[in-house]
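Chain residues, written in single-letter form:
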Amino acid sequence: MKEYWNSLASVLGVLAFCQSLLQLVFPPQLRFLSLRFLNRLFQLFSSYCYFDITEIDGFNTNQLYNAVQLYLSSFVSLNGTRFSLTRPLNSTATTFGLSDNDCIFDTFSGVTVLWEHVVIQRQSQTLTWRPLPEEKRGFTLRINKKDKPLILHSYLDYILEKSDEIRRKNQDRLLYTNTRGGSLDSRGHPWESVPFKHPSTFDTLAMHPDKKQEIMADLRDFADGQSFYQNTGRAWKRGYLLYGPPGTGKSSMIAAMANYLCYDIYDLELTEVHNNSELRKLLMKTSSKSIIVIEDIDCSVNLTNRNNNKKKKSNKSSYCDPEARCVSSGEDGGNSITLSGLLNFTDGLWSCCGSERIFVFTTNHIEKLDPALLRSGRMDMHIYMSYCSYPALKILLKNYLGYDETGLDCDVLKQLAEVVDEAKMTPADISEILIKNRSNKQKAVGELLEAMKTRNMKCGSLSQKNSDEDEEQEKRALEGSDFEQPCKKD
Ligand SMILES: Nc1ncnc2c1ncn2[C@@H]1O[C@H](COP(=O)(O)OP(=O)(O)OP(=O)(O)O)[C@@H](O)[C@H]1O
Ligand SMILES: [Mg+2]
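Labelled according to an unreviewed UniProt entry, the protein chain appears under the name AAA+ ATPase domain-containing protein, originating from Hibiscus trionum. Regarding the protein chain, the relevant UniProt record gives this comment under Sequence similarities (unreviewed entry): "Belongs to the AAA ATPase family. BCS1 subfamily."

Colleague: In this structure, what is going on with unusual backbone geometry? I would like to understand it.
Modeller: Leave glycine aside and you will find that most residues have negative phi; peptide bonds, for their part, are mostly trans. The backbone of Ser109 sits at a positive phi, close to 50 degrees, despite the residue not being glycine. The residue Ser109 is located in the loop between β6 (103-108) and β7 (111-121) in this model. Residue Ser109 is classed as exposed on the basis of its relative accessible area, which comes to 60%. Of note, Lys424 is a non-glycine position whose phi angle comes to about 50 degrees, a positive value. Looking at the element boundaries, Lys424 is found in the loop between α14 (410-423) and α15 (427-436). Lys424 sits in the buried class, given a relative accessible area of 11%.

Colleague: Got a minute to help me understand the packing of α15 against helix α16 (residues 441-458) in this structure?
Modeller: Two packed helices can be described by the angle between their axes and the distance between those axes. Close contact between α15 and α16 brings their axes to 8 Å; oriented N to C, the two are set at 145 degrees. Every pair of crossing elements has a handedness; the one defined by α15 and α16 is right-handed. Note on element contacts: α16 touches α15 through Ala444, Glu447, Leu448, Ala451, Met452 and Arg455, opposite Asp429, Ile430, Ile433, Leu434 and Lys436. Here the contact of α15 with α16 is built from residues that sort into seven nonpolar, no polar and four charged.

Colleague: Please clarify how α15 should be interpreted in this entry.
Modeller: The periodicity of an α-helix, 3.6 residues per turn, causes residues three or four positions apart to be oriented the same way. Along α15, the residues classified as buried are Pro427, Ile430, Ser431, Ile433 and Leu434. The arc enclosing the buried residues of α15, seen along the axis, measures out at 160 degrees, which places them on a common side. Seen from the open side of α15, the exposed residues pointing more than 90 degrees away from its buried face are Glu432 and Lys436. Of the surrounding elements, those touching the buried residues of α15 are α13 (390-401) and α16.

Colleague: Help me understand the sheet that holds strand β13 (residues 290-294) in this model?
Modeller: By way of backbone hydrogen bonds, the strands of a sheet pair with one another, either parallel or antiparallel. Strand order across the open sheet formed by seven strands is β10-β9-β12-β13-β16-β11-β17, with mixed pairing between neighbours. Of all the strands in the sheet, the pair left with one neighbour each is β10 (192-196) and β17 (381-384). Neighbour-to-neighbour, the strand axes of this sheet turn through a mean angle of 20 degrees, independent of strand direction. Here five bridges tie strand β9 (residues 173-177) to β10, and the two strands are oriented antiparallel to one another. Each residue of the ladder has a partner; that of Arg173, found in β10, is Phe196.

Colleague: What should I look at first to understand the environment of Ala451 in this one?
Modeller: If you trace the backbone, Ala451 turns up in helix α16. Expressed as a C-alpha distance, the spacing of Ala451 and Ile433, which sit 18 residues apart in the sequence, is 8.9 Å. When sequence neighbours within four positions are dropped, the list of residues in contact with Ala451 reads Met425 and Ile433.

Colleague: Help me understand the sheet that holds strand β8 (residues 135-144) in this model?
Modeller: With antiparallel pairing, four strands are arranged side by side in an open sheet as β1-β8-β7-β6. The sheet is open, and its two edges are formed by β1 (48-54) and β6, each paired on a single side. Looking at each pair of strands side by side, their axes are set apart by 25 degrees on average, direction ignored. Relative to β8, β7 runs antiparallel, the two being bridged by eight bridges.

Colleague: Quick question: what am I supposed to make of the site of ligand 1 here?
Modeller: In the neighbourhood of ligand 1, 15 residues make up the surrounding shell, with Ala206, Gly247, Lys250, Ser251 and Ser252 lying closest. Contact distances for ligand 1 include 3.3 Å between an oxygen atom and a backbone N or O atom of Thr248. A distance of 2.6 Å is found between an oxygen atom of ligand 1 and a side-chain nitrogen or oxygen belonging to Ser252. Look at ligand 1: alone it shows 620 Å² of surface, and the protein chains cover 73% of it. Looking at the shell around ligand 1, the elements with two or more residues in it are α7 (250-261) and α15. Among the residues making up the shell around ligand 1, the classes are represented as six nonpolar, eight polar and one charged.

Conventions and cut-offs
Residues numbered from 1 in each chain as written. Chains lettered and ligands numbered in written order. Predicted model: local features only at pLDDT ≥ 70, side-chain atom pairs only at ≥ 80, totals over all residues. Heavy atoms only, no water. UniProt positions renumbered as here; feature names shortened; annotations may be inferred. Helix = DSSP H or I, 4+ residues; strand = E, 2+ residues; numbered from the N terminus. Buried < 20%, exposed > 50% of the residue type's maximum accessible area, 1.4 Å probe, protein only. Axes fitted to C-alpha atoms, helices over the stretch in contact; angles between N-to-C directions. Left-handed = near helix turned anticlockwise from the far one by under 90°. Contact = heavy atoms within 4.5 Å. Nonpolar A, V, L, I, M, F, W, Y, C, P; charged D, E, K, R; others polar. Arc of directions from axis to C-beta. Pairing = 2+ DSSP bridges. Near = heavy atom within 4 Å. Polar contact = N/O pair within 3.5 Å; in protein donor to acceptor, adjacent residues only side chain to side chain. Areas by Shrake-Rupley, 256 points an atom, 1.4 Å probe, with all protein chains shown as cover.

Right, dumping it as structure tokens:
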């Protein structure tokens, strides 16, 4: 052992001597040139090629560097032993990173590549308007020369796509709103955003499990359907109309959709939009992978009447499409939203700027909507949010009180099943009772049963009327669309 250390010390000594000799004999420029020459020689005979991805490209941050960093973070924690940990602004997760000057192997399409995280001190601070970091950071990708044409482009595309996915998963969703009367912020942006932390998910949503599965499958198909939409020549967007009485979970459903797909939400306040062109500008400033929401579409602006009135009033040049919706250049066309403006927003050429967007309209009164809004291709799926049914009630009991089917007395369950449909209580009504008594489960269920029975007795005739109204609403939705009705009433 002692001999080994002695020989190692002597080798190191010789190396140090050579280095100082080199420094003495060769001036720095010559040393630099000879190093460059050796490097070229090495690259010529090496079977690898190397790609440097620096953190700062000129004066701008290199997006590819950030993408690689995020991409590597997805598996570095599995294979590495030393990590750098970060938590970016607005992020909900800690990110594992490759340590300085550390390496990691990755395999793509059966080809193994090596990533190195290169960090070196910056020699001297050049005079710039923006101070540069003291360290130069970058990733070096090593690929076998024969594999380069096979994978380089597809691998980089894959990294960009994957990193985008990770970023969206890690970051808070954003909720955008346009409630500033059309004014722009300092960067000329018409939307204001706040982190969106709504806890509603499809697990917490009380509705018939089959209906829920159907909606989730539809959303998943949409999100994974890029090639389908491309092949069929359709814009990559989808429209959902949520309708039903207040408190049945329309807004909760939107939050669940956003959380399920990790999309941002643009909550469009139509009353703050002055005209069609402003509406179009708002649309242009939305990002892809987002849900654009117009709540209570029947109350936001009087679109149907607006059109009718205009048709009567306007004697200036206008033309009508076959469905008799006027697209007018008349008096109020300049400073108000028209139905056609709204339809163009969801359906026209402008709706395709950007991609992967979902439009959701909600209403309590589907019968008040103009049939043009309901026709095939506009709102692809009409979802009726109904009063609480027995399968939905079981979800509420589980979520609020922790009861599953076996936890509750059979007799109580049977009674609940008998009265729940007739009681016509919304999930919001029921959750109020459950929240109020959540520390005493027995009492909560007892009170709920009482409330349902009382409603049944009191509102026998009223519930018949409501039922007729419900049927009328659904009938109306079916009439307004000549396409398959995917979600039927429970
Ligand atoms: N289907 C549901 N599942 C779980 N909770 C629900 C459901 N519906 C309503 N709730 C509860 O009731 C509250 C109100 O629901 P929500 O705002 O989603 O109803 P809404 O249909 O959008 O009502 P409105 O028509 O008045 O806008 C929610 O915070 C939620 O706690
Ligand atoms: Mg709502």
